[in-house]
Every structure is written in C-alpha cells, then in structure tokens.
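Take a look at the letters that make up each chain.
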Amino acid sequence: MSLLTGKNALVFGVANKRSIAWGIAQALHAHGASVGLSYAGPVLERRVRPLGESIGADFIEPCDVTDDAAIAAVAQKAGEHFGQIDILIHSIAHANRDELQGPYYHTSREGFHMALDISAYSLVALAGAFQPILRRGGALVALTYYGSEKVAPNYNVMGVAKAALEASVRYLAYDFGPQGIRVNAISAGPIRTLAAAGVSGFKSLYRHFAEVTPLKQNITIEDVGNTAVFLCSELSSQVTGQVIYVDGGYNILATTEIPQ
Ligand code: NAD
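What comes next concerns the included structure. (Residues numbered from 1 in each chain as written. Predicted model: local features only at pLDDT ≥ 70, side-chain atom pairs only at ≥ 80, totals over all residues. Heavy atoms only, no water.)

Helix and strand content of the protein: eight helices and seven strands. Its C-alpha atoms give the protein a radius of gyration of 18 Å, near enough to 18 Å, the size a compact globule of 260 residues would have. Dimensions of the protein, computed from the C-alpha atoms along their principal axes, are close to 55 × 40 × 35 Å. Relative to its 260 residues, the protein shows a buried fraction of 52%. A sequence separation of at least 24 residues applies to 76% of the contacts in the protein between residues at least 6 apart. Counting only carbon and sulfur atoms, one obtains 54% of the accessible surface of the protein, whose full area is about 12400 Å². (Helix = DSSP H or I, 4+ residues; strand = E, 2+ residues; numbered from the N terminus. Rg over C-alpha atoms; globule rule 2.2 N^0.38 Å. Buried < 20%, exposed > 50% of the residue type's maximum accessible area, 1.4 Å probe, protein only. Contact = heavy atoms within 4.5 Å. Areas by Shrake-Rupley, 256 points an atom, 1.4 Å probe, with all protein chains shown as cover.)

Formed by 48 residues in total, the largest nonpolar core has its most connected members in F12, A78, I85 and F130. Elements with a contribution of two residues or more to this core: strand 1 (8–12), helix 3 (68–82), strand 4 (85–90), helix 4 (109–130), strand 5 (134–144), helix 5 (156–176), strand 6 (182–188) and helix 7 (202–212). No other element matches the nine residues that helix 4 contributes to this core. (Core = buried A, V, L, I, M, F, W, Y, C linked by side-chain atoms within 4.5 Å.)

Our next topic: the packing of helix 3 against helix 4. At a minimum axis distance of 9 Å, the contact between helix 3 and helix 4 shows a crossing angle of 40°. In terms of orientation, helix 3 and helix 4 fall into the oblique class. Of the two elements, helix 3 crosses helix 4, and the hand of that crossing is right-handed. Residues I71, V74, A75 and A78 of helix 3 form the contact with helix 4, whose participating residues are A125, L126, A129 and F130. (Axes fitted to C-alpha atoms, helices over the stretch in contact; angles between N-to-C directions. Parallel < 35°, antiparallel > 145°, perpendicular 65-115°, else oblique. Left-handed = near helix turned anticlockwise from the far one by under 90°.)

This brings us to the site of the ligand. In the vicinity of the ligand, 29 residues are found, and the nearest of them are G13, S19, K162, I191 and T193. At a separation of 2.8 Å, an oxygen atom of the ligand approaches a polar backbone atom of I20. One of the side-chain nitrogen or oxygen atoms of T193 is found 2.5 Å away from an oxygen atom of the ligand. Burial of the ligand by the protein chains amounts to 91% of its free accessible area of 820 Å². Elements that contribute at least two residues to the shell around the ligand include exactly strand 5 and helix 6 (194–197). Per element, the largest residue contribution to the shell around the ligand is three residues, and it comes from helix 6. Of the residues belonging to the shell around the ligand, the class tally is 19 nonpolar, eight polar and two charged. (Near = heavy atom within 4 Å. Polar contact = N/O pair within 3.5 Å; in protein donor to acceptor, adjacent residues only side chain to side chain. Nonpolar A, V, L, I, M, F, W, Y, C, P; charged D, E, K, R; others polar.)

Turning our eyes to something else, we now look at the environment of L123. Structurally, L123 is set in helix 4. For L123, a relative accessible area of 1% corresponds to the buried category. Each C-alpha atom of the pair L123 and G249 lies 26 Å from the other, and the pair is 126 residues apart in sequence. If we skip the residues at most four places from it in the chain, L123 touches H90, A142, L165, S168, V169 and L172.

Just geometry here; none of it tells us what the structure is for.
Shown next, in the form of structure tokens:
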C-alpha cells in the first residue's frame with residue numbers, strides 16, 4: 001500500500017508545469033492520494049486543466065485567494081466533491097515586481113498589503129474555510145523561503161510575508177493540534193518558476209546556489225514533492241509547526257564565500 005492511499009489532497013498554486021505545486025501534486029498522486037487542484041483564475045485554466053487531468057484529477061477549480069467568497073465557494077465545492085480533505089497544500093505567493101528590487105524601504109503601503117494578503121493571510125483564510133472538512137490525521141503544508149530569516153537582496157517584502165507565513169504555520173499548528181491535524185512549511189532553495197522570475201537578480205542567485213550549497217546542486221520540484229509526501233504521511237505523525245528545509249543544506253552555512 002502506498003503512503004497516501006485513501007487520502008484526499010487539494011493543492012493550491014499550480015500555474016504551469018514548472019510550479020512547485022505541480023511537483024507536489026505529482027508526488028502526492030504517485031503515493032496514492034486523490035488529488036484536486038485549485039488555480040488563481042480563468043487565464044490559467046488552459047494550462048492547469050491538462051496537467052490535472054494527467055494525474056486523474058476530477059476536481060480542478062479556480063480560487064482567487066484575495067476573495068473571501070471565492071475561498072468559501074471552493075471549500076464548499078470541495079466538501080461536496082471529496083466529503084473530507086486530508087491534505088491541503090498552499091503554494092501561493094505574489095508581490096508586485098516593483099517591490100522585488102531596490103531598497104526595502106521603497107515598499108508601498110499598497111504593495112505591502114497585497115504581498116502579505118496573498119502570500120501569508122491566504123493560508124489563514126484557507127485553513128479557516130477548510131477546517132470543518134479536514135479529517136483527523138490530516139496535514140497542511142505551505143511553501144516558504146529562507147529570505148524570511150535572513151536578508152536575501154531584492155526579496156524585500158516577500159521575506160517579510162514569508163516571516164508572517166511561518167509564524168502563521170506555528171499558530172495554526174497550535175490551533176489544529178487538538179483536531180489531530182498537522183501544519184508545517186517547506187523552505188525550498190531557489191527553483192526556476194514564474195514567481196521566482198519576478199525577483200530581481202534571481203538568475204545569478206540560482207547559479208551561485210548550486211556552487212555553494214553543501215549538496216552542490218539546485219533543488220527541483222520533485223525534491224520538494226517528496227518532502228511534501230513525508231509531511232503529509234504517517235511517517236511524520238509527530239511533526240507539526242516546523243519549517244523543513246529542502247535546500248541542499250544551504251541554511252547551515254555561515255558564509256557563502258568559496259575558499260580559494
Ligand atoms: P509559481 O508562480 O508557479 O506559483 C505561485 C502560484 O501562486 C501561482 O500558481 C499563482 O497563480 C498563485 N497565486 C498568485 N496570486 C494568487 C491569488 N490571488 N490567488 C490564488 N493563487 C495565486 O511559483 P512557485 O515558485 O512554484 O511558487 C510556489 C510557492 O513556493 C510560493 O509560496 C513561493 O514563494 C514558494 N517558494 C518558491 C521558491 C522558488 O525559488 N521558486 C523557493 C521557496 C519558496
């Protein structure tokens with residue numbers, strides 16, 4: 001029997017085949033879960049639907065997470081379709097390009113609100129909306145980045161949003177613990193995706209990462225998918241409120257200078 005047989009998973013955040021959410025959806029499916037997808041809006045459907053269908057998903061629904069009514073609607077539809085949900089993946093982030101370059105102090109009030117709303121508050125909103133249909137033994141997983149803890153040039157407001165997201169993971173883990181549901185985050189090293197392309201200087205950061213990280217290679221969406229399977233399975237039954245690094249060990253480095 002596979003690790004996730006009999007479990008229903010809903011994955012938020014597939015935009016295309018490079019999305020981390022897609023790596024996770026494929027891995028959950030490969031380990032036996034029934035997977036549904038939710039995507040941001042109509043323009044993405046053309047890309048997302050064929051991906052979903054290739055893993056047998058018959059729940060593929062839009063949800064703009066800035067819209068409470070859309071969140072309530074997708075939760076209701078998921079309840080009607082699946083009955084109960086065992087796994088909820090949050091792989092969503094957004095900030096204006098303007099905010100992902102230059103000094104952090106140039107962040108606009110509106111840009112700050114939007115980044116925090118889409119990238120951090122949405123986890124809280126989804127957790128609240130899905131709480132009634134989450135099954136005991138279930139797991140929530142969110143995606144974060146090391147720029148929450150240390151300064152990553154140009155990451156700016158997204159680093160602040162990720163700090164809020166990680167703190168939310170801990171508070172949600174506390175809330176959901178008595179319901180037997182675990183909440184964790186995966187802190188992934190840089191991966192070439194649509195969202196990453198918005199961060200100024202990402203390409204050189206990506207190249208440098210493989211040179212300096214202890215395991216000397218870049219991270220793939222498959223690597224992240226495998227850790228998500230662990231966090232959603234019984235293998236991690238007493239792990240909650242944690243940020244798990246999938247970064248080839250990058251976070252243990254005190255310096256990223258390469259000794260000559
Ligand atoms: P991506 O662009 O493929 O995924 C981001 C997703 O967020 C997209 O599907 C997009 O449609 C969705 N989204 C944006 N606004 C939304 C809204 N209002 N409502 C619903 N969905 C919305 O890029 P990705 O790199 O796969 O990002 C997934 C997650 O992984 C993000 O949280 C990101 O911060 C995180 N992450 C990425 C990296 C990286 O290097 N790519 C590293 C660590 C963490």
